[in-house]
Protein chains: 2
Amino acid sequence: VGEFELLARLRARLSEGGARVRLGAGDDAAITVPGAATATSVDAVVDGVHFRRELAPLRSIGHKALAAGLSDLAAMGAEPGEAYIVLGLPRDLDEDAALELHGGIESLAGATGVTLAGGDVTRAPALFLAVTVVGHAAGADDLVRRDGASPGDVVAVTGELGGAAAGLGLLERPQLAAELAPEVAAGLRSRQLEPTPRLAEGRALAAAGASALIDISDGLGADAAQLAGASGVQLELDLERVPLQAGVPELAAGLGVDPFELVVGGGEDYELIACIAPGRLAAAADAIARSGGALAAIGRAVAGSGVPLSGPGGRLLPPSGYDQLA
Amino acid sequence: VGEFELLARLRARLSEGGARVRLGAGDDAAITVPGAATATSVDAVVDGVHFRRELAPLRSIGHKALAAGLSDLAAMGAEPGEAYIVLGLPRDLDEDAALELHGGIESLAGATGVTLAGGDVTRAPALFLAVTVVGHAAGADDLVRRDGASPGDVVAVTGELGGAAAGLGLLERPQLAAELAPEVAAGLRSRQLEPTPRLAEGRALAAAGASALIDISDGLGADAAQLAGASGVQLELDLERVPLQAGVPELAAGLGVDPFELVVGGGEDYELIACIAPGRLAAAADAIARSGGALAAIGRAVAGSGVPLSGPGGRLLPPSGYDQLA
């Protein structure tokens, strides 16, 4: 497949519209009319490092690469705007396969109102994707950083955790599905392969005045520690209050691990961790519930540092117990 | 080298400032306060496809990857703003080497006033870089596309052409340097390894009212054809009026090719092709001369399509003569 021909075919599939896009792919650069402030994130994924082609359909690989970028915008509370996609394609991936991969990107972009405004295609020894996403806000202060939490804030998480790690376990050991209802197994696989960026939740939390936000890409333990470190607070988390995705306990049993290991160290759930003043929690939870999501309080910010985790029965888990996973 | 540790070391080297950057690397996304319109371009380069590590110092690989992106901003007439860099690092490239590569990026960013506002680092089977650049303008109409040329416009190029292809020839066959003065040979190598994006020239051409702009990444022939096709005009070019970089004729003789082949098909000179109304050419040329650059008229836009090239003595060169290069 020639690069130019494939580029032309992909360009034809890029979104023409987009409220902020004045000129999409095909010129030296895309032209956009941004908000007064923008949030920009760049992420790359490489076959054999971040995913394995033998475990993931091509559409899912495309979906997940864009989802990870959009999750960063969710974690800023930004309005999603444009995405720019670099595809590095190995020789054994033909043009139809490249279009299938791109189809997963197009589908998620369509579902989230994101304009695919440009990109690049190159030959590469292994499949890689580099995704740049741009989100918008009315002002820089409307975007929520990870360094604004204060002692007294409630710590909350959106959605349910543990599903991405459980889903990976299920893809690696399909026989474990025998213990699960089919729709539960499908939900776990889907969380691993095609996670949903929590864009509406992030914007609701920003509008409600969240003091700090981060998305869960490396696991609740590692990402909470990032937020705690950036904000200069300690986050006391009660793992028993963390909502688990259906099937996580059964899958953990099948894998022979504690279900909380899948939550704390598993990563890739792409839910959000928020810190927010107690008086603002209900408004945020209500707004998120109205858009079909969920927000659960799982702890509080106090003076100090680090992320002490209390487990079943209030037992304090040594942070070192999860070090190898984080 | 651990990804996290290297990321931390690279982040410490990212620019803190930048007039438009409110928050740089280290959060989920960078926060910027953009102009009323932005130009965004994404390009990737891969070892063995776009460069060869055995021919190019690591600093040059970094420099050139950013230069190619900034050249796209030059070709929009945009004010350069931020860059976001993805590094894909193979195992045989250690941390010091990664910092050397990044040093080439930092150096060019510093020289052009570009803020390195974020990025990502990943393990990869071969070295790759994906560069996202964002430029700014007071309005979308201040950015110059490639589709605005009209019959009657003058076609002009900045600087001197052919040097990048000649420099590549010199890197591949170092013995050809014997025919050249040392500073001439150094100039050719430098054009290939560390090209200069024509940012001031692009902004001067935009301010002077250029109707269409494109940068020369694939060769004068291919890039002029892109502009002609997008604008729906024919570009009649007189190759004898194209300024050649010093040493190009000698190097072409050493390689046994016509010097115009290095201009038309060589690519990577990263000069600009502009179309502009005849009455506006002098103002553009004066502004560019004041910033130390040069602008030369090399042809005109007429009704029709394609890019007929006339060579020495007015002889019309068949476009097919360069097809294998374009």
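Read on for a plain summary of the structure.

Analysis parameters
Residues numbered from 1 in each chain as written. Chains lettered and ligands numbered in written order. Predicted model: local features only at pLDDT ≥ 70, side-chain atom pairs only at ≥ 80, totals over all residues. Heavy atoms only, no water. Least-squares fit on C-alpha atoms with pLDDT ≥ 70 in both. Contact = heavy atoms within 4.5 Å. Buried area = accessible area lost by both parts, 1.4 Å probe. Salt bridge = Lys/Arg side-chain N within 4 Å of Asp/Glu carboxyl O. 1 Å grid on protein atoms, 1.4 Å probe; cavity = no way out; pocket = protein on both sides within 12 Å on 5 of 7 lines; lining within 4 Å. Points joined across faces, edges and corners; volume = space filled by probe spheres on them. Helix = DSSP H or I, 4+ residues; strand = E, 2+ residues; numbered from the N terminus. Nonpolar A, V, L, I, M, F, W, Y, C, P; charged D, E, K, R; others polar. Expected span 1.5 Å × (residues − 1). Buried < 20%, exposed > 50% of the residue type's maximum accessible area, 1.4 Å probe, protein only.

Details of the relation of the copies chain B and chain A
Laying chain B over chain A is done by rotating through 180° and shifting 0.0 Å along the axis; what remains is an RMSD of 0.0 Å. Those values place the two copies in the arrangement expected of a two-fold rotation axis.

A few points about the interface of chain B and chain A
Taken residue by residue, the interface counts 49 residues in chain B and 49 residues in chain A. Between chain B and chain A lies a buried interface of about 3,800 Å² when both sides are counted; carbon and sulfur atoms form 58% of it. At the junction of chain B and chain A, the tally comes to four salt bridges. Between Asp27 of chain A and Arg146 of chain B there is a salt bridge whose closest N-O contact spans 3.6 Å.

Description of empty space enclosed by the protein
Summed over the entire model, instances satisfying the criterion amount to five cavities of 30 Å³ or more. Of all the secondary-structure elements, those providing two or more residues to the lining of the largest cavity are helix H1 (3-13), strand E4 (79-89) and strand E5 (115-123) of chain A. No other element matches the four residues that E5 of chain A contributes to the lining of the largest cavity. Among the residues making up the lining of the largest cavity, the classes are represented as seven nonpolar, three polar and two charged. Its boundaries defined by the atoms lining it, the second largest cavity holds a volume of some 90 Å³. In this structure, the second largest cavity is lined by 16 residues; those nearest its centre are Thr38, Thr40 and Val134 of chain A together with Thr38 and Val134 of chain B. Secondary structure elements with two or more residues in the lining of the second largest cavity: strand E3 (37-46), E4 and strand E6 (128-137) of chain A together with strand E3 (37-46), strand E4 (79-89) and strand E6 (128-137) of chain B.

Details of helix H5 (residues 182-193) of chain B
Residue and element names in this part refer to chain B. Between its first and last C-alpha, H5 extends 16 Å over twelve residues, near the 16 Å set by a 1.5 Å rise per residue. Considered for burial, the residues of H5 that qualify are Ala185, Leu188, Arg191, Gln192 and Leu193. If you follow the buried residues of H5, they end up packed against helix H2 (58-74), helix H4 (163-172) and helix H8 (248-255).

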